[in-house]
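Listed here are the chains, written in short residue letters.
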Amino acid sequence: MHKSYGVNEIREMFLRFYESKDHLRLPSFSLIPQNDASLLLINSGMAPMKPYFTGEVEPPRRRVCTCQKCIRTGDIENIGKTARHGTYFEMLGNFSFGDYFKKEAIAWCWEFLTSPDWLGLEPDRLYPSVFGGSDTTPADDEAFAIWTRDVGIPPERVFKFGKADNFWEHGSGPCGPCSEVYYDRGPEYGCGKPDCTVGCECDRYIEIWNNVFSQFDNDGQGHYTELKQKNIDVGAGLERLACVSQNVASLFDLDTVINITNRVSAITGATYGQSHRTDVSLRVITDHIRSATMMICDGVLPSNEGRGYVLRRLLRRAARHGKLLGVDRPFLYEVCATVIGENEGAYPDLREKEAYITRVIRMEEESFAKTID
């Protein structure tokens, strides 16, 4: 059995590991995108790095690592109903701007995941995948060779997937194959089908790491040319790694998140794990108050448009679920202190802005209560 690490421990361990590989540790960028009209909110570790990848802006170093705060609200209706959906999450990333490439990225990924000095996961539970090729782009034989020859994974344990899973592109521009790593959580998480394996939609094999090899330029017409400067963009979900390390079923059972739920339980009187209906409400409140606290800290204010509307919607959904649990007064602002306590080690500005964040949430709760009345 591997050792269990807390969310805050894993974040720090990852950044320290890549610092030992000559990466410059950068703080998380703001959730509000800078000079990027294509996004309402930062939704991935590489999103704020776009100017470095395109060459518009000179990066502070050719190798950097971050833990990036992210918000995704595309599947907001699933929050609380499933174990894996959350609106706020953190993405661990290591990036190379024309420096190292596949060989190093894969070797370090494996070292971090399996070395007893680092995360120490069981190697026989890990399954890499590589791009298996398509009509327009050749298979990534290079990555396959690195996994099998250099890392020593038996060829039958390296899965080859198509463009939908293992090729990263976003319209025209830089793109390339990717190599993911899946963790086998065991048959108790599986669907029970005899052909269940890596790539199955059930919860048994979960992707915990994605190495993106940015090596081509797509002209938008489906023609791919090799990039002069090849880049590495790695994303590993902090919460997913923590779920695997702590051997818990969902992000809502992680150490830093369950403490928030416990605070919500203390206020509402609803106990987590007693009924599906109250669990959904507790999870919605926990998830949304985490997101709202982080967004307000980064300068988002509730409003009726854009990112302000995303924040307003999250706070109002959380307040509504409080009502479903029988709470008829503003209470979300009381949970802020717990969210801040769990996250201030990595994000000290949360503590500095605690009074402000609390006030913004309370005012929004009060105005929503008036609207309902």
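Residues numbered from 1 in each chain as written. Predicted model: local features only at pLDDT ≥ 70, side-chain atom pairs only at ≥ 80, totals over all residues. Heavy atoms only, no water.

### Things to note about the overall build of the chain
On a plain count of helices and strands, the chain comes out with twelve helices and nine strands. The C-alpha radius of gyration of the chain comes to 21 Å, within 12% of the 21 Å expected for a compact globule of 373 residues. The C-alpha extent of the chain, read off along each of the three principal axes, is 65 × 50 × 40 Å. Classification of the 373 residues of the chain by burial places 56% in the buried group. At a minimum sequence separation of 6, the contacts of the chain that also span at least 24 residues come to 70%. Across the chain, the 43 positively charged side chains and the 53 negatively charged ones have centroids separated by 4 Å. (Helix = DSSP H or I, 4+ residues; strand = E, 2+ residues; numbered from the N terminus. Rg over C-alpha atoms; globule rule 2.2 N^0.38 Å. Buried < 20%, exposed > 50% of the residue type's maximum accessible area, 1.4 Å probe, protein only. Contact = heavy atoms within 4.5 Å. Lys, Arg positive; Asp, Glu negative; His and termini not counted. Charge placed at Lys NZ, Arg CZ, Asp CG, Glu CD.)

### Remarks on the pairing of strand β4 (residues 126–131)
Burial within β4 is extensive, with six of its six residues counted as buried. The alternating pattern of β4 places L126, P128 and V130 on one face and Y127, S129 and F131 on the opposite face, and all of these are buried. With three bridges joining them, β4 and strand β7 (residues 173–184) adopt antiparallel strand pairing. For L126, the partnering residue across the bridge sits in β7 and is Y183. Judged from the three bridges that link them, β4 and strand β5 (residues 159–161) form a sheet pairing that is parallel. Bridge pairing in β5 places F131 opposite F161. Crossover β4 to β5 through helix α4 (residues 141–150) is right-handed. (Pairing = 2+ DSSP bridges. Right-handed = clockwise from strand over helix to strand, strands pointing away.)

### Concerning the nonpolar core
Formed by 91 residues in total, the largest nonpolar core has its most connected members in L113, I208 and W209. Among the elements that line this core, the one with the most residues is helix α8 (residues 276–297), at eight residues. Not counting residues within four places of it along the chain, the set of residues in contact with I208 comprises L113, L121, L126, V181, Y183, A236, G237, R240, L241 and V244. (Core = buried A, V, L, I, M, F, W, Y, C linked by side-chain atoms within 4.5 Å.)

### Some remarks on the environment of I153
Among the secondary structure elements, I153 is positioned in the loop between α4 and β5. C-alpha separation for the pair I153 and L126, spaced 27 residues apart in sequence, amounts to 9.6 Å. In contact with I153, other than residues within four places in its own chain, are W110, P128, W147, T148 and V158.

### Some details on the packing of aromatic side chains
Summed over all chains, the structure comprises 22 aromatic pairs. Centre to centre, the rings of W110 and W147 are 5.8 Å apart; their planes meet at 80°, and the pair counts as edge-to-face. One end of the pair, W110, is in helix α3 (residues 102–114); the other, W147, is in helix α4, with 37 residues separating them in the sequence. Across this residue pair, the class does not change: W110 and W147 are buried. Measuring from centroid to centroid gives 5.9 Å for Y127 and Y205, while their planes differ by 80°, and the two rings are edge-to-face. In this pair, Y127 sits in strand β4 while Y205 sits in strand β8 (residues 205–218), placing the two residues 78 residues apart along the sequence. (Phe/Tyr/Trp six-rings, centres within 6.5 Å; stacked < 30°, edge-to-face > 60°.)

### Comments concerning the pairing of β7
Most of β7 sits out of view: eleven of its twelve residues are buried. What sits between the antiparallel neighbours strand β6 (residues 167–168) and β7 is a turn of four residues, in which G171 has the positive phi angle 65°. In terms of strand pairing, β7 meets β8 through ten bridges, oriented antiparallel. Looking at β8, one finds that S179 is bridged to N211.

### A look at the environment of Y309
Its location among the elements puts Y309 in helix α9 (residues 306–324). Sequence spacing of Y309 and D150 is 159 residues, and the spatial spacing of their C-alpha atoms is 49 Å. The contacts of Y309, once residues within four sequence positions are left out, are S303 and N304.

### Regarding α4
A143, F144, A145, I146, W147 and T148 are the residues of α4 that are buried. Turning to α4, the residues buried within the fold contact α3, β4, β5, β7 and β8. G152 sits one or two residues past α4 and shows a positive phi near 90°.

As far as function goes, none of this settles anything; it's purely spatial.
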